[in-house]
Amino acid sequence: MNMQAVEAATRESAPVLTLEGITKTFPGVRALSEVGLDLYPGQVTALVGENGAGKSTIVKILTGIYQPDGGRIRLDGQDVHFPTAQHATTAGITAIHQETVLFDELSVAENIFLGHAPRGRFGLIDTARMQRDARALLERIGARLDPALPLKELGIANRHLVAIARALSVEARVVVMDEPTAALSQKEIEELYELVERLKAEGRAILFISHKFDEIFRIADRYTVFRDGELVGHGAMADVDESELVRLMVGRSVDQIFPQRVSAPGPEVLRVEGYSHPTEFDDISFTLRRGEILGFYGLVGAGRSELMQALFGVTRPSRGAVHLDDAPHAIRTPADAIEAGIVYVPEDRGLQGAVRGLPIFQNVTLPSLRETSRRGFLRMAEEFALTRRYTDRLELRAAALDQDVAELSGGNQQKVVIAKWLATKPRVIILDEPTKGIDIGSKAAVHAFMAELAAEGLAVIMVSSEIPEILGMSDRVIVMREGRMAAELEGEALTPETLVRHAAGIGEGG
Amino acid sequence: MSLAERATIPDRLNSRLQRAATSWELLLFLVAVAIFIANSFASPYFLNAWNLSDATFNFTEKALIAFAMALLIISGEIDLSVASIIALASTAMGAAVQLGAGTPVLVFVGLATGLACGAFNGALVTRLGLPSIVVTIGTMSLFRGISYIVLGDGAYRGYPASFSYFGQGYVFWVVSFELVLFALFALTYYVVLHRTNFGRAIFAIGNNPTAALFSGLRVRRIKFVLFLLTGLMSGIAAICLTARLGSTRPSIGFGWELEVVTMVVLGGVNILGGSGSIPGVVIAAFVMGLVTFGLGLLNVPGIVMSIFIGLLLIGVIALPRLWTIARTR
Amino acid sequence: MAFLKSREAILAGAILLLLALIAWRFPGFVAPDNLARVFNDTSPLILLALGQMAVILTRCIDLSVAANLALTGMVCAMVNAAAPGLPVPVIIAMALALGALMGAVNGLLVWTLAIPPIVVTLGTMTIYRGIIFVISDGQWVNSHEMSDAFKALPRAELLGLPVLSWIALVVVALFALLIVRTPLGRAFYAVGGNPGAAVYAGLNVGRTQFWAFTLSGTLAGLTGYLWVSRYAVAYVDIASGFELEVVAACVIGGISIAGGAGTVTGVVLGALFLGIIKNALPVVNVSPFYQLAISGGAIIIAVAFNARASRSRGRVILKSAEHAS
Amino acid sequence: QDDVRIALVVKALGIGFFEAAAEGAEQAAEELGNVEIIYTGPTDTTAEGQIEVINSLIAQQVDAIAISANDPDAVAPALQRAMQRGITVISWDSGVAPEGREMHLNPSSNPLIGRTIIQLAADHLPEGGQVALLSATTTSTNQNIWIEEMNKVMGDYPDIEVVGTVYGDDLADKSYREAQGLMQTYPDLDAIIAPTSVGIVAAAQAVVDAGKVGEVNVTGLGLPSEMAGAIESGASRSFAIWNPIDLGYAATMLAYNLATDAAEAGPGAEVGMGRLGNATLDDNNEAAMAEPFTYDASNIDQFKDIF
Ligand SMILES: Nc1ncnc2c1ncn2[C@@H]1O[C@H](COP(=O)(O)OP(=O)(O)OP(=O)(O)O)[C@@H](O)[C@H]1O
Ligand SMILES: Nc1ncnc2c1ncn2[C@@H]1O[C@H](COP(=O)(O)OP(=O)(O)OP(=O)(O)O)[C@@H](O)[C@H]1O
Ligand SMILES: [Mg+2]
Ligand SMILES: [Mg+2]
């Protein structure tokens, strides 16, 4: 395989696709500034960078979903412009997006061919041929699925396979894969690697986005690194090693980002026993102590968020018990959880965290209205005072406290959500991907703050998919895989290798 | 970063006055004033206290429902069965009259029927998790249908004389009982929506029900209460309307649900939930009342007036958007 | 069998049960010619419900269909009264065009100005109705003012069925083809089911909604002519309130009001369900005053039932849970 | 001298019958010289709609209101207020409860109408047979009174059996469907009596569509202009109606005479109706205009273009 890579590198033809000076800003965030990217036929280019570095944004730009604010895209040296996704597909660019972009009510085959289904007589969709083609595509990636099945019958992993098949359903010269292996099992991942090799051999250019270094080193020929929306390096894989890539990605060495803290866990606050859910997770048990940071690691889709939401009372477990200070506690709604002192900073900030459309101060006081009001009547002055107490401490950046949260940058929205929960004076705080999509500065602030909270005696659960964050912050780590506890690691056993092994299920005799 | 470097964030960016100057309510108020002036030029009969008082009957009952409906729509739900609740509540009161009930009992029956209908809608939406627009299209047929089953082509009449006060009485001079009720409820709903925790929760739920739930709000319970309130206000409207008409037929209040929704949307409430205000709804009620009364004085048929209302409804929403589109071109 | 568990099969079962119940009191109702009559009577509802289905699939709603029908019908009748010599196909073409135009106005307001569909169609509903009054001056167009050819078309018989029924059958077939076998039809589902993802798939959400409204308007226009010629009368209030019956037929037929789910079979069955009840009540001597309450109850039961059937199962992370339940 | 402003309030605008009545009102106005007619009404037949119209008429300080009511009780309070403000109020065609008007003008007397509609059916059924009734809206009282009066004289027609009554709500499509249902339920039906101008047209259309011309005779009360086709096709042999032009004329005359204090309403009083003579009020302050007139193939052409 290495031979092939070298061969491809020496072929060194002109790039098929070139991006130059691409800039993209969202309200409050500059996602990309003047970045470039070259993709070569028959080669895999790995795009690496931390969460929020702008990787998915560039994918969306070159597939016509976002329009860049500046810069140019060239295909075979010709300037091109993709006003819609359809245009990009027609030009031969196809992508497996990070979010699943599928349709529950359509069949597997229709999901694969939506927008470019084979046509028969009178321009009607040729259903029979579509199903045949879909079956062939699915077999090519090693998925044995009935193409006629409605998508809603499939679970998370199979949906991912459908998304991959969809990307391969067009005659593409450029194939983009945005974290394609995140939700797949080891066997499926192997099949995907084979597929990538075949695509390479067919002369297609591949852009491969992944946070897993082992796989990058295994399949990529070239690399491009983004940091905070800027291009910080590119070249041939053969010329870099892992530590060099990390240095490019992070811009400093890993251990410096995280606050130094001495862990001195106090008495147990929370004990979870045999927590189970019919479809999402099974048999989860753990304990949590005062002043402790407990990390939850796993691949995306391992079910950590679902577990945390059940602990917070959003969904009901089918079995299991929660003990607070050794006393059994029934948590049926989030209101119960807040009452008991458990709060949850959700992963999906836009949907579950911030109430966009309401001003900052109203977001912060939402769960604490009982404190700021008198006999059910609002007292705005108290609300502003309470809000200010926590936003000052979190160093929130905003124009005014009555500004709509939707106008804030991602990191500042996250601070508002955290402030909201701290204002309730909780005993257990669950942070689900607390630094996802926020800039490096805010990230460090959140980490420092987390350490501070733990030092003050708060019990912290941190869900994260970033190994450095997990290693840098946690006293103890629970690894989840496919809805189950795969391991509980601490001290010496806590290394990147053990985390990945348990999360991916490698080396367990199967 | 030191404290000195960090500018403290002010509480408010714009003063309340600045906000009021750019508000929807002000725009609507200007529209109302314009219509008022136009009317007084168009008809010599317009500027007359008694006539204006009569004109308020065109909207007071609908506005009573519109207040509760505004809260419901801000929370992201809708109730299309309100006019049918009027029919059912009126039928129940009529049946009570036949059994010899007096005015206090009638009022109780009207309110109780409204509450029961609201509870029924609320339970279907919040307990079974059904979409409110469909549920209330169903109960819209169901409630009025029950009135038809009870009454057929008959009518209930013979309401006690004291009962007619709710629809025909005057508190002093030209100020009718209904107008007083309208003012009292406008104030009450203003306080509830804009000055209490409950009102804050309604806005939060309407903007993002998931985040509201995650913030510990009892979303389903609050929505249920809002359906109850809407039913209750429909019951109150039923009492006023029945007292004004002095009889009950199953077709009573037919088509009012759309006028109520129109009033709420015209008042600046976002039909998709999350924003709106009671002052807006109050002004919208006056605008609709003035338009219908003014055109009525010119003997313009009701259906032609509805063209104006329809244009107003689309126009007031479309114009600002057209404006932004034109500006960004 | 998956089909036996589907909404459509259950609805079909409910209809058969209903027919059996009626036949038990009044056997004549299930005679083939009477069933054909009921179908004929339900045809306008079917036509409008199909258009409404397209709109609801894309997460919109069209409350203006009945007003569109009435306005188109009035224009057809007035044109016919003024120019009796104008051939019927020309009138039909005009009805289709006028209906499409009104639908397109709704669609454009939704697409370009992003005004919520319920507000748009609430507004155009009153505007279209008002226009009928303005152009007709409130006058009726009566049977004797219409030409014979104008009135003959829907009631002419072909192989034992009135043309009205045939039109409904043909439109159902064409519409099913459109929904199942054309990119636009599939786009309705995609756009309503997951608008965010539809953009990734290269679909234009607003434009797809525009076409759904135009389709709904076109069918309303066609039905406008058929309605007026069948009942041989046109006035301001025809089909008033019919829009809710149309939405009801869709909901009973299993079209999800949240968009993206439902079938043509379901809609046709939903419309037939309402049509059978409407026609059966006078026959089985139940007072027609029961009709409203019965259809209201049917809507509530249907929507509760559909919601149970389509409750989301979450993400299904546990492999063992994938094909269970 | 100022014009006397008389408002002719109808059940709903756009109905042929009321348009004809408005024409009669204009004739009266012309004859009287100093009268201005305001022809108005809601767009659909609801009491609430009529109340809004009445309120705006009160505001305009008209001299008299002559109303055909959608609901006898519901409009009464508004009309009472009109009377308190000095406006003369009479009802015609479809009445208002006594406290809400000074007098009521029946187009004809109820017993006469009741007998006429059954006679029309019997005329063409020498051997007797089955007849059914297709009534109008659920909120209009006169249909029910006429049917009641008809039932009182059924003893005179022993061979005729009334098999059922259905309601078409004065909606063309509903009436059509109900008529279809009647023919379905009673295969031996001989006649449909529809004492409503909307229902009779729809029933005739249903009979034609069912291919039962000659078998089922449609009769009742209708307008010549709307029924001309049915007479021609044979679906209806004959029908009756009072002259709506005369009705509008008479109502206007009565309103004028009461408003100008030329006469006063009260039991036994005589009030002038211009060319139609005098109306004599009964104990309920009601009066009848004339008996219904029967139209058939022999005279339809003469009237169909008039109203
Ligand atoms: N639609 C949007 N609106 C506002 N901000 C956005 C939007 N999409 C992305 N961003 C912001 O742009 C930045 C880059 O996001 P992007 O999704 O490209 O990151 P990424 O490199 O793909 O990260 P990850 O590894 O987590 O997938 C982030 O700060 C993100 O919050
Ligand atoms: N089909 C779905 N139904 C309900 N919620 C979903 C669905 N898909 C994603 N989510 C929510 O979206 C968020 C993103 O999920 P993500 O892909 O990060 O996986 P996850 O469930 O959080 O797994 P983990 O936290 O172990 O990575 C989660 O909060 C999840 O609950
Ligand atoms: Mg990404
Ligand atoms: Mg997660």
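Residues numbered from 1 in each chain as written. Chains lettered and ligands numbered in written order. Predicted model: local features only at pLDDT ≥ 70, side-chain atom pairs only at ≥ 80, totals over all residues. Heavy atoms only, no water.

Student: Give a detailed account of the coordination of the magnesium ion (ligand 4), specifying residues and quantitative values.
Tutor: Residue and element names in this part refer to chain A. In this structure, Ser 305 (OG) and Glu 347 (OE) serve as the protein donors to the magnesium ion (ligand 4), at separations of 2.1 to 2.4 Å. Taken together, the positions of Ser 305 in helix H10 (residues 304-311) and Glu 347 in the loop between strand E16 (342-345) and helix H12 (349-353) put the pair 42 residues apart, joining distant regions of the chain. You can call Glu 347 partly exposed: its relative accessible area is 26%. (Donors = N, O, S within 2.8 Å, 3.2 Å for Na, K, Ca; no water. Helix = DSSP H or I, 4+ residues; strand = E, 2+ residues; numbered from the N terminus. Buried < 20%, exposed > 50% of the residue type's maximum accessible area, 1.4 Å probe, protein only.)

Student: Break down the domain arrangement of chain A for me, citing the residues and quoting the values.
Tutor: For chain A, the assigned domains are domain 1 (2-92 + 171-250), domain 2 (102-170), domain 3 (269-341 + 426-510) and domain 4 (357-425). Put simply, the middle of domain 1 of chain A and the middle of domain 4 of chain A, counted by C-alpha atoms, are 40 Å apart. (Domains from an automatic or database assignment.)

Student: Explain the packing of helix H2 (residues 47-59) of chain D against helix H3 (residues 76-84) of chain D to me, and be specific about the residues and the numbers.
Tutor: When two helices pack together, you describe them by how their axes are tilted relative to each other and by the distance separating the axes. Residues and elements named next belong to chain D. Packing of H2 against H3 brings their axes to within 9 Å, and their N-to-C directions diverge by 10°. Comparing their axes, H3 and H2 come out roughly parallel. Facing Ile 51, Ile 54, Asn 55 and Ile 58 of H2, the residues of H3 in contact are Ala 78, Leu 79, Arg 81 and Ala 82. When the residues that make up the contact of H2 with H3 are grouped by side-chain class, the tally is six nonpolar, one polar and one charged. (Axes fitted to C-alpha atoms, helices over the stretch in contact; angles between N-to-C directions. Parallel < 35°, antiparallel > 145°, perpendicular 65-115°, else oblique. Contact = heavy atoms within 4.5 Å. Nonpolar A, V, L, I, M, F, W, Y, C, P; charged D, E, K, R; others polar.)

Student: Kindly report on unusual backbone geometry, identifying the contributing residues and their values.
Tutor: Although it is not a glycine, Trp 173 of chain B sits at a positive phi angle of roughly 45°. By the secondary structure assignment, Trp 173 of chain B is in the loop between strand E1 (170-172) and strand E2 (175-176). With a relative accessible area of 61%, Trp 173 of chain B lands in the exposed category. Even without being a glycine, Leu 159 of chain C presents a positive backbone phi close to 50°. Examined against the element boundaries, Leu 159 of chain C turns out to sit in the loop between strand E1 (157-158) and strand E2 (161-162).

Student: Go over the interface of chain D and chain B with me, naming the residues and quoting the values.
Tutor: Listed by partner, the interface residues are 25 residues for chain D and 31 residues for chain B. Approximately 2400 Å² of surface area, both sides summed, lies buried where chain D meets chain B, with 47% of it carried by carbon and sulfur atoms. Joining chain D to chain B, the criterion identifies five salt bridges. Measuring nitrogen to oxygen at the nearest pair gives 2.2 Å for the salt bridge that ties Asp 71 of chain D to Arg 249 of chain B. Residue assignment for the side of chain D that touches chain B shows that the elements contributing at least two residues are H2 and H3 of chain D. When residues in the side of chain D that touches chain B are grouped by element, the largest group, eight residues, is from H2 of chain D. Here the residues of the side of chain D that touches chain B sort into ten nonpolar, eight polar and seven charged. (Buried area = accessible area lost by both parts, 1.4 Å probe. Salt bridge = Lys/Arg side-chain N within 4 Å of Asp/Glu carboxyl O.)

Student: Give a detailed account of the sheet that holds strand E18 (residues 459-464) of chain A, specifying residues and quantitative values.
Tutor: All names here are of chain A. Strand order in this open sheet of six strands is E16-E17-E18-E13-E19-E20, and the pairing throughout is mixed. Strands with a single pairing partner mark the edges of an open sheet, and in this sheet they are E16 and strand E20 (484-490). The mean inter-strand angle of the sheet, taken between neighbouring strand axes irrespective of direction, is 20°. Pairing geometry for strand E13 (residues 293-297) and E18, over five bridges, is parallel. Bridged to Gly 295 within E18 is Met 462. (Pairing = 2+ DSSP bridges.)

Student: Can you explain the pairing of strand E1 (residues 4-9) of chain D? Please cite residues and give values.
Tutor: Residue and element names in this part refer to chain D. For E1, a buried count of six out of six residues is recorded, marking the element as mostly surrounded by other parts of the structure. Of the strand pairs in this sheet, E1 and strand E2 (residues 35-40) are connected by six bridges, and their pairing is parallel. What sits directly across from Leu 8, in E2, is Tyr 39. Handedness of the crossover joining E1 and E2 through helix H1 (residues 16-32) is recorded here as right-handed. The pairing of E1 with strand E3 (residues 64-67) spans four bridges and is classified as parallel. If you follow Leu 8 over to E3, its bridge partner there is Ala 66. (Right-handed = clockwise from strand over helix to strand, strands pointing away.)

Student: Could you give an account of a negative patch on the surface, with specific residues and numbers?
Tutor: Negative charge collects at one region of the surface, where Asp 214, Asp 241, Glu 242 and Glu 497 of chain A lie side by side. Summarising the element assignment, Glu 497 of chain A is placed in helix H19 (residues 496-504). (Patch = residues over 30% accessible without salt bridge, like charges linked within 9 Å, V, L, I, M, F, W, Y side chains within 5 Å. Areas by Shrake-Rupley, 256 points an atom, 1.4 Å probe, with all protein chains shown as cover. Lys, Arg positive; Asp, Glu negative; His and termini not counted. Charge placed at Lys NZ, Arg CZ, Asp CG, Glu CD.)

Student: So, the interface of chain C and chain B: which residues are in play, and what are the values?
Tutor: Across the boundary between the two partners, chain C contributes 38 residues, which contact 42 residues of chain B. Of the roughly 3300 Å² buried between chain C and chain B on both sides combined, carbon and sulfur atoms contribute 88%. Looking at the side of chain C facing chain B, the largest losses of area belong to Leu 113, Phe 289 and Ile 300 of chain C, adding up to 18% of the total buried there. Where chain C touches chain B, the interface holds three residue pairs in polar contact (both at pLDDT 80 or more). Secondary structure elements with two or more residues in the side of chain C that touches chain B: helix H5 (88-112), helix H6 (117-136), helix H12 (242-252) and helix H14 (291-309) of chain C. The class makeup of the residues in the side of chain C that touches chain B is 29 nonpolar, seven polar and two charged. (Polar contact = N/O pair within 3.5 Å; in protein donor to acceptor, adjacent residues only side chain to side chain.)

Student: Which residues make up the nonpolar core, and what values do they have?
Tutor: Ranked by internal contacts, the top residues of the largest apolar core, which has 353 residues, are Leu 50 and Met 53 of chain C together with Ile 65, Trp 92 and Leu 105 of chain D. Of the residues that make up this core, three or more belong to each of domain 2 (102-170) and domain 4 (357-425) of chain A. The residues contacting Ile 65 of chain D, other than those within four sequence positions of it, are Ala 7, Val 9, Ile 54, Leu 57, Leu 79, Ala 82, Ile 87, Thr 88, Val 89 and Ile 90 of chain D. Of all hydrophobic cores here, the second largest spans 78 residues; its members include Leu 307, Ala 337, Leu 394 and Ile 430 of chain A. (Core = buried A, V, L, I, M, F, W, Y, C linked by side-chain atoms within 4.5 Å.)

Student: Help me get a handle on the sheet that holds strand E9 (residues 217-220) of chain D, residues and values and all.
Tutor: Residues and elements named next belong to chain D. Pairing in this open sheet of four strands is parallel, and the strands run E7-E6-E8-E9 from one edge to the other. The strands lining the two open edges of the sheet, one partner per strand, are strand E7 (160-167) and E9. When the angles between neighbouring strand axes are averaged without regard to direction, this sheet yields 25°. In terms of strand pairing, strand E6 (residues 129-135) meets E7 through seven bridges, oriented parallel. Each residue of the ladder has a partner; that of Leu 134, found in E7, is Val 166.

Student: Help me get a handle on helix H2 (residues 7-25) of chain C, residues and values and all.
Tutor: Given 3.6 residues per turn, any residue in an α-helix points the same way as the ones three and four places further on. Over its 19 residues, H2 of chain C runs 28 Å from end to end, which matches the ideal 27 Å to within 8%, given 1.5 Å per residue. Among all positions in H2 of chain C, only Arg 7, Glu 8, Ala 9, Leu 11, Ile 15, Leu 18, Leu 19, Ile 22 and Ala 23 of chain C are buried. (Expected span 1.5 Å × (residues − 1).)

Student: Tell me about a nonpolar patch on the surface, and name the residues and values.
Tutor: Residues and elements named next belong to chain B. There is a patch of nonpolar side chains on the surface, built from Leu 26, Phe 29, Leu 30, Val 33, Phe 36, Ile 37, Phe 41 and Leu 47 and spanning about 790 Å² of accessible area. Looking at the secondary structure, you find Phe 29 in helix H2 (residues 24-42). A relative accessible area of 45% places Phe 29 in the partly exposed class.

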